[in-house]
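# What the coordinates show
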Amino acid sequence: MSIAEWRQQLKLGKVSSLELVEEKLARIKKVDGKLHAFLEVTSDRARADAKRIDEARAKGQELPPLAGIPFAIKDNLCTKGVLTTCSSKMLEQFVPPYESTVTERLWNSGAVLLGKTNLDEFAMGSSTETSAFGATANPWNLARVPGGSSGGSAAAVASGECIASLGSDTGGSIRQPASFCGVVGLKPTYGRVSRWGLVAFASSLDQVGPFTTTVADSAEILQVIAGRDSRDSTCLEVAVPNYSETLNNSISGMRVGLIKECFEQNGLSDEVKKSVLESAQKLQLLGAELKEVSCPRFNDGIATYYVIAPSEASANLARYDGVKYGYRSMSTDNLSSMTTASRTEGFGSEVKRRILVGTYALSAGYVDAYYKKAQKVRTLIRNDFDNAFKQVDVLLTPTAPTTAFKVGTHSADPVSMYLSDLLTIPANLAGLPAISLPCGFDEAGLPIGMQLIGNVLEESRLLNVAHQYELEAGVMSGSPAGELIV
Ligand code: GLN
């Protein structure tokens, strides 16, 4: 059921907020031993919040839009008084003294926190396997990864452990796991949503967004979390439109661009390609015009990202020095070796790799050759999108080249892991909004995701097209037969 449907049930008294929370806690108890989507379940707080909402409802008080809706939150978003680990030994004991803007807005809208979800350490990865606290499984097939880095948040929604969740997307970490788990994942325009209280990975790329079972839910959540925040100077001072109001607009005459380079990828699975092309035809049936467009620099996205993201990460992660907060090694007795030992022991190998690459790319002798060059290519990639949006209204691509891969497939080869974000990274580099929504299944029964990319701040248009697609094709989130493997 969608958020709107739950809201109705709650309003009519068919279910109480507490019953809904209990149902979700029971579901977590039943399946999370196998999935490991959650790092922490905040049962007491969830029950107390639900009771408070039930009491307010009983008194006839007007309730905010998400009242009583149980949410899971990626564990790189600061939650006051609740552990926020980033799946890293470095922050294993970190209890933030403040609340992130996005979660604060959710709680102010009545949402209930069920718990914090697993991720790749510091959101670096594409499979949730780099978590210091163990991997998350894909609810459709436990031998497969849920994608990453927000694998826990995606798996929690797909398996019915919560109604919606938040993730963060630096290079695809909302969209790729949404695609692997068969749910809807939205990455807003850079600056649409505040990053305050999101543990920084690569600050010019990071954005927070929702995981949901329907596009309409995604619109509702964006409505709550979007908008100016005086605590994040990169958060745009632009009015937030009513995202739900335009979902039912006709898409007749909408120009949908198929990015040629995306469909010509070597590693693109035939089944994924076929499914996304069939989806394009469904859009055509709804009156959309299909057009092939070219973004010649699209394939340079990966190389560009893997200079820029690690560079920013190396600067951001320098704050973990064993002094101010986070893990401190007790194995040495002087300041400098203490810092070195804290980092050596506190960070996992993927995080160290990023810090090393970033420090190298920013070092005096190489900054022009790598970092500055990458920034120039980033502009060229953005220019390609600008040109494409002169010809079409939205762009369509597969979200990932394959469906969920087997656990361990890429763990020994970082570069092959990086390639799984080939199709999602360019939208981050250009700061554009993009949504992944389920569009079919492969022969193994695993979900396939399609990605719609919009022009800057055109979330309304993306949600409109995605919602119309969903109406035409049927909601494909979760298992159609309701038979998740767990
Ligand atoms: N998989 C990409 C990376 O490892 C993107 C991660 C993300 O979006 N947080 O950097």
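This structure is a prediction, so every number in the text was calculated from the model and none was measured.

### Thoughts on the overall build of the chain
Counting its regular elements, the chain contains 16 helices and 11 strands. Here the C-alpha radius of gyration of the chain, 21 Å, is about what a compact globule of 486 residues would show, namely 23 Å. With the C-alpha coordinates aligned to their principal axes, the bounding extent of the chain is approximately 65 × 55 × 45 Å. For the chain, buried positions account for 59% of its 486 residues. Carbon and sulfur atoms provide 52% of the accessible area of the chain, an area that totals close to 18,100 Å². Counting 48 positive and 53 negative side-chain charges, the chain places the averaged centre of each group 3 Å from the other.

### Re helix α3 (residues 43-58)
If you check α3, its first and last C-alpha atoms are 22 Å apart, about what 16 residues at 1.5 Å a residue would give, namely 22 Å. Here the buried face of α3 lies against α2 (17-35) and β3 (112-117). Phi turns positive one or two residues past the end of α3, at Gly-60, with a value near 80°.

### Observations regarding the pattern of salt bridges
Per the counting criterion, the structure on display carries 21 salt bridges. Note that Asp-49 is salt-bridged to Arg-45, the shortest N-O span being 3.8 Å. With Asp-49 and Arg-45 both in helix α3 and 4 residues apart, this pair spans about one turn of that helix. Residue class for Asp-49 comes out buried when judged on its relative accessible area of 12%. A salt bridge links Asp-393 to Arg-255; the nearest nitrogen and oxygen atoms lie 3.0 Å apart. Taken together, the residues span a long stretch of sequence, with Asp-393 in the loop between α13 (368-391) and β9 (394-398) and Arg-255 in strand β7 (residues 255-259) at a distance of 138 residues. Using a relative accessible area of 13% as the deciding quantity, one classes Asp-393 as buried. Through salt bridges that share partners, Arg-255, Asp-393, Glu-458 and Arg-461 make up one connected network.

### As for the pairing of β3
Where burial is concerned, most of β3 is hidden: 6 out of the 6 residues are buried. Sheet topology note: the strand β1 (residues 38-41)/β3 ladder contains 3 bridges and is antiparallel. Each residue of the ladder has a partner; that of Val-41, found in β3, is Gly-115. Two strands pair when backbone bridges link them, and strand β2 (residues 70-74) and β3 are joined in this way by 5 bridges, in the parallel orientation. Considered in β3, the bridge of Phe-71 is made with Leu-113. For the crossover from β2 across helix α4 (residues 101-108) to β3, the handedness is right-handed.

### Considerations on the sheet that holds strand β4 (residues 164-169)
Taken in spatial order, the 11 strands line up as β1-β3-β2-β4-β6-β5-β10-β11-β9-β7-β8 in an open sheet, and their pairing is mixed. Of all the strands in the sheet, the pair left with one neighbour each is β1 and β8 (289-293). Neighbouring strand axes in the sheet, compared pairwise and without regard to direction, differ in orientation by 30° on average. Across 2 bridges, strand β5 (residues 184-187) lies against strand β6 (residues 207-212) in antiparallel orientation. Residue pairing across strands places Val-184 opposite Thr-212, the latter belonging to β6.

### A short note on the side chain of Ser-194
For Ser-194, the position within the fold is in the loop between β5 and β6. In terms of polar contacts, Ser-194 uses its side chain to reach the backbone amide nitrogen of Trp-196, at 3.0 Å. A distance of 2.6 Å separates a polar atom in the side chain of Ser-194 from a polar atom in the side chain of Asp-229. Every residue in contact with Ser-194, bar those within four places of it in the chain, is listed here: Thr-101, Val-102, Val-208, Asp-229, Asp-232 and Cys-235.

### Looking at the packing of aromatic side chains
To describe a pair of aromatic rings, you give the distance between the ring centres and the angle between the ring planes. The final tally for this structure, using the stated rule, is 14 aromatic pairs. Residues Phe-180 and Phe-405 carry aromatic rings whose centres are separated by 5.6 Å and whose planes lie at 90° to one another, so their mutual orientation is edge-to-face. Taken as a pair, Phe-180 in helix α6 (residues 175-181) and Phe-405 in the loop between β9 and α14 (414-418) lie far apart in primary sequence, 225 residues in all. Ring centres of Tyr-320 and Tyr-325 lie 5.8 Å apart, and the angle between their planes is 75°; on these two criteria the pair is classed as edge-to-face. Here Tyr-325 falls in the partly exposed class, since its relative accessible area comes to 29%. Aromatic rings pair up to connect Phe-94, Phe-122, Tyr-320, Tyr-325 and Phe-347 into one cluster. The ring centre of Trp-107 lies 5.2 Å from the NZ or CZ of Arg-45, which sits over that ring. Sitting over the ring of Trp-196, Arg-231 keeps its end group 4.1 Å from the ring centre.

### Notes on helix α5 (residues 151-158)
Of all 8 residues that make up α5, 8 are buried, and the element is covered over most of its length. Where α5 is concerned, the buried positions are Gly-151, Gly-152, Ser-153, Ala-154, Ala-155, Ala-156, Val-157 and Ala-158. Positive phi shows up at Gly-160, right after α5, with a value of about 75°.

### Focus: the site of the ligand
Inspection of the region around the ligand gives 15 residues, with Thr-170, Gly-171, Ser-173, Tyr-305 and Asp-421 positioned closest. A distance of 2.8 Å separates an oxygen atom of the ligand from a polar atom in the backbone of Gly-125. The side chain of Asp-421 places a nitrogen or oxygen atom 2.5 Å from a nitrogen atom of the ligand. Residues that form the shell around the ligand fall into these classes: 5 nonpolar, 7 polar and 3 charged.

Rules behind the numbers
Residues numbered from 1 in each chain as written. Predicted model: local features only at pLDDT ≥ 70, side-chain atom pairs only at ≥ 80, totals over all residues. Heavy atoms only, no water. Helix = DSSP H or I, 4+ residues; strand = E, 2+ residues; numbered from the N terminus. Rg over C-alpha atoms; globule rule 2.2 N^0.38 Å. Buried < 20%, exposed > 50% of the residue type's maximum accessible area, 1.4 Å probe, protein only. Areas by Shrake-Rupley, 256 points an atom, 1.4 Å probe, with all protein chains shown as cover. Lys, Arg positive; Asp, Glu negative; His and termini not counted. Charge placed at Lys NZ, Arg CZ, Asp CG, Glu CD. Expected span 1.5 Å × (residues − 1). Contact = heavy atoms within 4.5 Å. Salt bridge = Lys/Arg side-chain N within 4 Å of Asp/Glu carboxyl O. Pairing = 2+ DSSP bridges. Right-handed = clockwise from strand over helix to strand, strands pointing away. Axes fitted to C-alpha atoms, helices over the stretch in contact; angles between N-to-C directions. Polar contact = N/O pair within 3.5 Å; in protein donor to acceptor, adjacent residues only side chain to side chain. Phe/Tyr/Trp six-rings, centres within 6.5 Å; stacked < 30°, edge-to-face > 60°. Lys NZ or Arg CZ within 6 Å of the ring centre and 35° of its normal. Near = heavy atom within 4 Å. Nonpolar A, V, L, I, M, F, W, Y, C, P; charged D, E, K, R; others polar.

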